[in-house]
Amino acid sequence: MSKKVADQVVDMLVANHVKRIYAVTGDSLNELNDAVRRNGKIKWVHVRHEEAGAFAAAAEAELDGLACCAGSCGPGHVHLINGLYDAHRTGVPLIAIASTINTHEFGTEYFQETNTIRLFDDCSCYNQVASTPKQAARMLQTAIQHAIHKKGVAVFGLPGDLSAMPAEESPTAMSNYRNRVLLRPADEDMVRLADLLNKGSKVSIYCGIGAVEAHDEIIELASLLKAPVGYTFRGKMGIQYDNPFEVGMTGLLGLPSAYHSMHESDIVLLLGTDFPYEPFMPVKNKIIQIDERAERLGRRAKLEMGLCGRVADTLQALIPLLKEKTDDSFLRAQLDLYEKVKEHLRIYVKDEGSADKISPEFVASTINDLANEDAIFTVDTGMCCVWGARYIHSTGKRKILGSFNHGSMANAMPMAIGAAFSHPERQVIAMCGDGGLSMLLGDLATIRQYNLPVKIIVFNNRALGMVKLEMQVQGLPDNETDMVNPDFALVAEAMGFKGLTIHEPSGIREALQEAFSESGPVLLNIMTNPASLAMPPRIEWEQVKGYALSMSKLILGGRMDEVLETVRANYKHLVEL
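Residues numbered from 1 in each chain as written. Predicted model: local features only at pLDDT ≥ 70, side-chain atom pairs only at ≥ 80, totals over all residues. Heavy atoms only, no water.

**Observations regarding the pairing of strand β5 (residues 126-129)**
Moving on, step 1. Pairing of β5 with strand β6 (residues 153-159), which is carried by four bridges, proceeds in the parallel orientation. Opposite Asn127, over in β6, you have Val155 as the bridge partner.
Moving on, step 2. Crossover connection from β5 via helix α6 (residues 133-150) to parallel β6: handedness right-handed. (Pairing = 2+ DSSP bridges. Helix = DSSP H or I, 4+ residues; strand = E, 2+ residues; numbered from the N terminus. Right-handed = clockwise from strand over helix to strand, strands pointing away.)

**Details of the pattern of salt bridges**
Moving on, step 1. Per the counting criterion, the structure on display carries 26 salt bridges.
Moving on, step 2. Between Glu62 and Arg234 there is a salt bridge; the shortest N-O distance is 3.2 Å. In this pair, Glu62 sits in helix α3 (residues 50-64) while Arg234 sits in helix α10 (residues 233-239), placing the two residues 172 residues apart along the sequence.
Moving on, step 3. When its relative accessible area of 27% is taken as the criterion, Glu62 is described as partly exposed.
Moving on, step 4. Residue classification places Arg234 among the buried residues on the basis of a relative accessible area of 17%.
Moving on, step 5. With its nearest N and O atoms 3.1 Å apart, the salt bridge here joins Glu324 to Lys226. With Glu324 in the loop between α12 (311-318) and α13 (329-350) and Lys226 in the loop between α9 (215-225) and β8 (229-231), the pair connects residues that are 98 residues apart, well separated along the chain.
Moving on, step 6. In the salt-bridge network here, residues are joined through shared partners; they are Asp7, Asp34, Arg37 and Arg38. (Salt bridge = Lys/Arg side-chain N within 4 Å of Asp/Glu carboxyl O. Buried < 20%, exposed > 50% of the residue type's maximum accessible area, 1.4 Å probe, protein only.)

**Section: the sheet that holds strand β1 (residues 20-23)**
Moving on, step 1. Pairing is parallel in the open sheet, where six strands are placed in the order β2-β1-β3-β4-β6-β5. Looking at strand neighbours, the two that pair on one side only are β2 (43-46) and β5, the edges of this open sheet. Adjacent strand axes in the sheet meet at a mean angle of 20 degrees when their direction is disregarded.
Moving on, step 2. When β1 meets β2, the two strands line up parallel, connected through four bridges. Within β2, the position partnered with Arg20 by the bridge is Lys43.
Moving on, step 3. Against the sheet, helix α1 (residues 5-15) contacts β1, β3 (67-71), β4 (94-100) and β6, and its axis sits at roughly 160 degrees relative to β6.
Moving on, step 4. Seen against the sheet, helix α2 (residues 30-39) touches β1, β2 and β4 and runs at an angle of roughly 125 degrees to β2. (Axes fitted to C-alpha atoms, helices over the stretch in contact; angles between N-to-C directions. Contact = heavy atoms within 4.5 Å.)

None of the figures reported here should be taken as evidence of function without further support.
Take a look at the structure:
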């Protein structure tokens, strides 16, 4: 039997170490599915929704470097969109195979026809549709090359009839090329950078995901400059561990210590971060930004210097040019503040809550204590991000995955699917909100079908907690943010795996220990306090005024009990105010 285009596609994926295709089979994907079956070196993962498949593939790509998902013509394409947006904005190399209707039906408004070029154009770095066998291999090679080196989503359109045609050898390369390029600023820029840092008396360092491979260089740099080191949520796992200079995060999920160190500095050095929250950026000091993607330079703040370079390469060239500072008073002051901030965070952990109002901070801290040192965490966008950011600590081996740029709900559970498939040797913990889990609840069946040992921890506060807080700080009484949930533990049991509901704080540690000791999947439905708030490190007067206004409106609307519960649950924040 001659090789089909579908076989050729599968062979090229295998050659690039792609282990799985996350998809819902059918229609125009059937030839590709059969080629996967016959190949035997790659697995078709039958997810229940293509969005879940895209999230799972994105998680695998972030952990391992390249992954693949697919969607069949029409609705299958549209279902991929949210997960592909997330992957593309995160900057992970992902191949999305968009199988289409047969070529002779193009442009006729045929059943399930979509224009994939228009549809995927805003969430991809490559987006083309093959129409002949000679094009197919050439386009896929180009798509993979784009995904790897541009770090984004590459969409490969594959018509159903083309999949079944005899394959042809491409006249160009059939393999792909991975290179590590030395990337740093020119010597004269390095000298100017060193001169600025040598003259600065109070320097702070702020690191993003682009700096995590330079952990040791950052420690050496901070030691020379006597500089505190802050980081983004994505950068936390790679920067926080074994770091005597760290002062935590800033931003909406962050801590006052990192915010304070940046604003009290003469010079702020931004390393590998495209931190988007302008209100948290300092404006009166000199800011230097180093990023390997030059288009990012200066788009978040006014810069004294904007330098294109990989962080590790740049610091290795910079460090020999620096003079060690002797005055560490600024650093010690920031570290002292950080200790006070950490002590304040522990107040929330000590207050464990009460029946059906369990403190989410206590839950997250207990998860941190019991999780393996190389655990992979996934966090839903919203309050789970806050608890993960503040209470899950780095060990140098842990990873945290989330929708940190796109900000989608419903990402934690499907990302855990991808993490569990790609790393079966590691503990995978999904910190899910009740709102997020409800959106893609059906893919609990995928976890059961493949018996993935994911531990799903549901922070069940019976509300869209972050949205509720957003409305209140705008002076609006929350409306239609409450949720009437099913018993998620019973849902898990109906799916065929263990589910437990925890109503009392005293049962948290034992339930987590039991879940973590199980060899298969477990869902813990934890009834957390819906009135728990998360204060950012910088609180605007308008936010305080708005919150007070919303509380007044709730009282006038007859919701006094809710106001009193919010006050009782959050009196500890008065220290911050």
